[in-house]
Amino acid sequence: MEAAQAIENEKQIVVALAGNPNSGKTTIFNSLTGSHQQVGNWPGVTVEKKEGQLVSEGKVIRVVDLPGTYSLGAYSEDEAVARDYILFEKPDVVINIVDTTNLERNLYLTTQLLEMGANVVIALNMSDELKAKQIDINVAKFSELLGIPAVQTVGTRNQGTKELVLQALQATGNKKPRVVQINYGKEVETELAALEQDILSNRQLTENFASRWLAVKVLEGDQGILKGLAKYSGLDRLLVRRAEAVKRLEGLLGEDIESLIADKRYGFIGGLAKEVVTRRQTTEERFSMSDKIDRIVTNRYLGIPIFLLAMWTMFQFTFKVGDPFIGWIETFFEWFGGVAGAWLESAGMPELLMSLIVDGIIGGVGSVLVFIPNIFLLFFAISILEDSGYMARAAFIMDRLMHTLGLHGKSFIPLLIGFGCNVPAVMASRTLENKRDRLITILITPLMSCTARLPVYILFAGAFFSANQGLIIFSLYLLGLVLAILMGMLFKRFLFKGGTSHFVMELPPYRVPTLKSTFIHMWEKGSSFIRKAGTIIFAVVVLVWVLSNLPVGVEYASQESILGWIGSFVAPIFKPAGFGTWEAAVALVFGILAKEVVVGTLGVIYGAGEAGLTAAIAQAWTPLSAYAFMVMTLLYIPCAAVIGTIKRETNSWGWTGFAAAYTLVLGWLMAVLVYQFGRLVGLG
Amino acid sequence: MGGSVLPLGFLQVGRDAVVRELGNGRNLTQRLLEMGIVRGTRVRIIKNDMGGPLIISIGDGRLAIGRGMALKILVEEESKA
């Protein structure tokens with residue numbers, strides 16, 4: 001107890017993790033902090049902030065996971081967040097995770113960290129893959145040349161992480177970290193020295209920035225930094241000097257200043273790499289295993305069929321494996337509802353309260369919880385797709401198609417993430433640099449069918465299409481995807497004219513995902529649904545139950561209840577779509593709060609637990625109107641959480657309203673189209 | 001060397017080249033720079049369908065590059081080994 005107190009009292013050490021995307025940063029973060037993690041947002045922006053804790057040598061270390069970036073310029077929000085954290089929060093140590101199989105590119109970020117004067121410890125990660133390629137890195141020499149500690153790690157197997165923490169702890173003592181100097185050549189250095197003099201004479205600047213780093217940034221004209229400097233006074237001389245220097249240098253050397261500096265940086269990195277890397281294999285392989293797989297997977301003709309097959313397999317897996325669970329959980333809730341009801345009755349509980357617990361909570365929340373295994377299984381499959389490296393290939397395959405439609409290939413990654421949950425998908429649109437491309441992606445992402453819609457499909461497909469469940473649900477996911485692409489095309493043509501921006505993206509090598517990391521990712525994403533069931537779904541279900549009991553004395557969940565009024569008021573709109581009942585209407589209305597609530601509401605209304613629910617639905621819908629209802633659920637108005645995210649990301653109520661309005665119209669049109677066309681061809 | 005200078009997008013699969021010019025446009029240069037492509041970078045064409053994006057290798061890393069971008073990057077082809 002006292003020891004714990006002592007730990008508490010000591011000043012916490014803060015270690016930030018920085019690194020490129022795909023450098024294995026998340027894996028190292030997970031193995032450092034285990035389950036002691038918190039997820040939040042960086043202040044003022046929606047970039048996800050992950051923090052964790054670890055105890056080593058009796059010291060508590062706070063680990064902050066910075067967004068994965070290739071650079072610390074200010075071309076994206078992620079980069080600005082990472083840069084500002086290092087500049088202004090001044091973590092004790094920055095652990096820079098470097099993918100050694102891509103050493104040169106990864107070291108670009110490293111040089112920036114060092115120039116900023118951060119206290120850097122390097123994790124030379126993926127050293128196992130490097131070894132497999134018969135490449136050696138001389139760690140001691142690497143560390144000596146950069147003047148900072150370096151440790152070889154294999155994040156996926158938790159190798160080297162202990163040593164990494166020890167090195168980081170030791171490095172906290174370095175009050176004055178050695179600032180690495182890249183020599184930019186005589187002409188540039190002369191100008192840098194003059195700029196640095198100006199900076200040094202300004203106390204405000206020297207208090208906040210490493211002077212040499214700032215001089216380099218000012219000279220190369222980093223927009224983010226120049227904007228950030230605008231709040232300081234007395235900078236006129238510096239800026240005038242900069243303009244003159246740029247003019248002089250560009251005239252003298254015949255190159256733009258940015259390229260000049262970049263060339264020198266890469267020159268430094270190239271020299272460093274040459275010193276420390278030895279290839280034992282004399283003839284390097286011209287095409288790796290990944291390349292060979294890519295030749296098939298990204299093939300012009302096979303690419304899209306393979307992608308569709310992967311999707312189809314994913315949904316089949318979700319159903320075939322999840323199906324028995326549904327039965328078990330249904331049986332459990334039936335039994336539980338019965339036992340709880342009997343027990344409450346014998347305990348003399350008032351009938352109304354009993355109804356709240358049995359019909360409302362067990363019937364409503366239970367009907368949603370039934371589908372938790374499917375949700376976890378789908379996230380499991382998505383995690384495998386992400387961790388194996390296939391996600392990037394999907395974007396590659398779709399780029400050609402998307403490009404002909406005027407969309408950006410990278411838009412496809414948010415769309416795929418949308419299969420899991422639309423909230424992170426909308427946020428993932430941030431990787432698109434162009435504002436227009438980004439806005440289009442945000443607008444079409446809610447059309448992607450997320451796991452919260454899954455309970456609705458499973459319930460209805462199970463009631464009407466039990467033989468072809470997988471196929472029916474696959475068709476809905478595909479419909480969402482096709483409509484998203486078509487709507488994107490329309491928006492591009494009529495709302496956001498102009499060319500698409502550049503497509504460049506890393507293709508990480510294929511990896512067999514480890515069971516551990518797949519489970520961690522599945523749990524991270526899936527557990528939020530359990531929380532959701534305990535909070536918003538619980539609250540809405542109770543609200544629905546209350547409304548179905550009011551006004552006082554009304555028959556429970558009848559058309560005369562307030563719930564019935566609301567439903568009856570809206571229902572006529574859905575008559576042409578084949579589901580003009582008040583029950584269907586009110587389920588859709590409350591489903592806006594969270595899509596699972598569509599099932600939850602039906603559960604409360606039809607009471608009677610899960611088996612009864614399926615039977616009740618089989619009465620009120622036909623197979624055709626059930627399909628139309630699923631189409632409506634897929635497309636209409638994004639859920640409240642997504643609406644909130646769209647507002648934050650677009651920073652505009654106008655676009656948020658537009659997203660809600662067009663999806664409602666589209667959903668209604670498609671549902672009506674399905675129903676009327678189905679009747680025409682005699683399916684109804 | 002002394003090979004001819006041509007757009008990256010014109011190269012056949014398996015060919016090696018050295019980047020000479022990055023086209024213009026601040027954003028383009030910056031994006032390429034972050035991904036490790038500067039003048040003097042050696043690249044190899046891993047996949048090029050003459051339509052749609054390319055896959056190129058830079059050392060052991062692989063990048064997907066859109067066709068439009070690949071036509072703006074000028075490279076010098078290395079003579080066949």
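How each quantity is defined
- Residues numbered from 1 in each chain as written.
- Chains lettered and ligands numbered in written order.
- Predicted model: local features only at pLDDT ≥ 70, side-chain atom pairs only at ≥ 80, totals over all residues.
- Heavy atoms only, no water.
- Pairing = 2+ DSSP bridges.
- Helix = DSSP H or I, 4+ residues; strand = E, 2+ residues; numbered from the N terminus.
- Axes fitted to C-alpha atoms, helices over the stretch in contact; angles between N-to-C directions.
- Contact = heavy atoms within 4.5 Å.
- Buried area = accessible area lost by both parts, 1.4 Å probe.
- Salt bridge = Lys/Arg side-chain N within 4 Å of Asp/Glu carboxyl O.
- Polar contact = N/O pair within 3.5 Å; in protein donor to acceptor, adjacent residues only side chain to side chain.
- Nonpolar A, V, L, I, M, F, W, Y, C, P; charged D, E, K, R; others polar.
- Buried < 20%, exposed > 50% of the residue type's maximum accessible area, 1.4 Å probe, protein only.
- Parallel < 35°, antiparallel > 145°, perpendicular 65-115°, else oblique.
- Left-handed = near helix turned anticlockwise from the far one by under 90°.
- Patch = residues over 30% accessible without salt bridge, like charges linked within 9 Å, V, L, I, M, F, W, Y side chains within 5 Å.
- Areas by Shrake-Rupley, 256 points an atom, 1.4 Å probe, with all protein chains shown as cover.
- pLDDT = per-residue confidence, 0-100.

Q: For the sheet that holds strand E10 (residues 504-506) of chain A, give the residues involved together with the corresponding values.
A: Taken in spatial order, the seven strands of this open sheet run E10(A)-E5(B)-E4(B)-E3(B)-E2(B)-E6(B)-E1(B), and their pairing is antiparallel. Across the chains shown, the open sheet's two edge strands, defined by having one partner strand only, are E10 of chain A together with strand E1 (5-7) of chain B. Going from strand to strand, the sheet's axes swing by 40° on average, the running direction of each strand aside. Here strand E4 (residues 54-58) of chain B runs beside strand E5 (residues 61-65) of chain B; their pairing, made up of five bridges, is antiparallel.

Q: Residue-level account of the interface of chain B and chain A, with values.
A: Each side of the interface is counted separately: chain B has 35 residues, and chain A has 43 residues. Both faces considered, chain B and chain A share a buried interface measuring about 3,500 Å² in area, 50% of it formed by carbon and sulfur atoms. A salt bridge links Asp-49 of chain B to Arg-400 of chain A; the nearest nitrogen and oxygen atoms lie 3.4 Å apart. The interface formed by chain B and chain A includes 11 residue pairs in polar contact (both at pLDDT 80 or more). Within the residue set of the side of chain B that touches chain A, elements represented by two or more residues are helix H1 (26-34), strand E3 (42-47), E4, E5 and helix H2 (67-72) of chain B. It is H1 of chain B that provides the largest number of residues to the side of chain B that touches chain A, a total of eight residues. Considered class by class, the residues forming the side of chain B that touches chain A number 15 nonpolar, nine polar and 11 charged. With three bridges joining them, E10 of chain A and E5 of chain B adopt antiparallel strand pairing. Within the sheet, the bridge partner assigned to Val-504 of chain A lies in E5 of chain B and is Ile-65 of chain B.

Q: Residue-level account of the pattern of salt bridges, with values.
A: Residue and element names in this part refer to chain A. Throughout the structure, instances matching the rule amount to 26 salt bridges over all chains. Notably, a salt bridge pairs Glu-220 with Arg-265, separated by 3.4 Å at the nearest N-O pair. Taken together, the residues Glu-220 in helix H10 (residues 211-220) and Arg-265 in helix H13 (residues 257-276) connect sequence positions 45 residues apart. Residue Glu-220 is classed as buried on the basis of its relative accessible area, which comes to 8%. For Arg-265, a relative accessible area of 0% puts it in the buried group.

Q: A description of the packing of helix H17 (residues 372-388) of chain A against helix H24 (residues 515-549) of chain A should follow, citing residues and the corresponding values.
A: Residues and elements named next belong to chain A. The interhelical angle for the contact between H17 and H24, taken along N-to-C directions, is 135°, at an axis separation of 8 Å. The orientation of H17 relative to H24 falls into the category oblique. As H17 runs across H24, the sense of the crossing is right-handed. In contact with Ile-372, Ile-375, Phe-376, Phe-379, Phe-380, Ser-383, Ile-384, Glu-386 and Asp-387 of H17, H24 contributes Leu-515, Ser-517, Thr-518, Phe-519, His-521, Met-522, Trp-523, Lys-525, Gly-526, Ser-527, Phe-529 and Ile-530. By residue class, the composition of the contact of H17 with H24 is 12 nonpolar, six polar and three charged.

Q: Can you tell me about a nonpolar patch on the surface, naming the residues and giving the values?
A: Where nonpolar side chains cluster on the molecular surface, the patch consists of Phe-332, Trp-335, Phe-336 and Val-339 of chain A and spans about 400 Å² of accessible area. Along the polypeptide, Phe-332 of chain A turns up in helix H15 (residues 303-346).

Q: Help me get a handle on the confidence of the model for chain A, residues and values and all.
A: All names here are of chain A. Per-residue confidence for chain A gives a mean pLDDT of 83, with 93% of residues at or over 70. Of all helices and strands in chain A, the one with the weakest mean pLDDT is helix H1 (residues 2-9) (47), whereas strand E5 (residues 93-99) scores best (94). Scored below 50 in pLDDT, residues 1-9 shows two contacts in the model against residues more than four places distant or in partner chains.

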